[in-house]
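Listed below are the residues making up each chain.
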Amino acid sequence: MDKRLLDILCCPVSKTPVRQLARGELDAINAAIERGEVDTVAGARVGERLGEGLITVDRKVIYRVDDGIPVMLPEEGIGTVQLKDFPATA
């Protein structure tokens, strides 16, 4: 992802800056998705693995990146509180 774009993106709700998901974080969320344990903030089940994602720097919300385009819609965010095996640090 373009560094300049990443520098200006933030969570649309909290305005918290975002960063790219680290490999361990991406692996953990994809494992939870495969187990059927992940819902969006709006309550919809996430059925498709993330190839790439962004996470708020406070590590509370993850946003999908589709074909290099961040999906920064509030209802599409994935809260990390629901993830049991999510790494404690990046």
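Residues numbered from 1 in each chain as written. Predicted model: local features only at pLDDT ≥ 70, side-chain atom pairs only at ≥ 80, totals over all residues. Heavy atoms only, no water.

(A) Inspection of the environment of proline 70 at higher detail. Along the chain, proline 70 falls in strand β4 (residues 69-70). You can call proline 70 buried: its relative accessible area is 18%. Spatially, the C-alpha atoms of proline 70 and proline 12 are 12 Å apart, while their sequence positions differ by 58 residues. (Helix = DSSP H or I, 4+ residues; strand = E, 2+ residues; numbered from the N terminus. Buried < 20%, exposed > 50% of the residue type's maximum accessible area, 1.4 Å probe, protein only.)

(B) Local environment of the pattern of salt bridges. Taken as a whole and judged by the stated rule, the model has 10 salt bridges. Residue aspartate 27 is joined to arginine 23 by a salt bridge in which the shortest nitrogen-to-oxygen separation is 3.4 Å. Linking aspartate 27 with arginine 23, this pair stays in helix α2 (residues 23-34), spanning 4 residues, or about one helical turn. Given a relative accessible area of 56%, arginine 23 falls into the exposed group. The salt bridge involving glutamate 37 is made with lysine 84; its shortest N-O contact spans 3.8 Å. With glutamate 37 in the loop between α2 and β2 (53-56) and lysine 84 in the segment after β5 (78-79), this pair connects stretches of sequence that are 47 residues apart. Judged by relative accessible area, which is 27%, glutamate 37 ranks as partly exposed. Because the salt bridges share partners, they merge into one network encompassing Arg35, Glu37, Lys84 and Asp85. (Salt bridge = Lys/Arg side-chain N within 4 Å of Asp/Glu carboxyl O.)

Everything listed is a geometric property; what it means functionally is a separate question.
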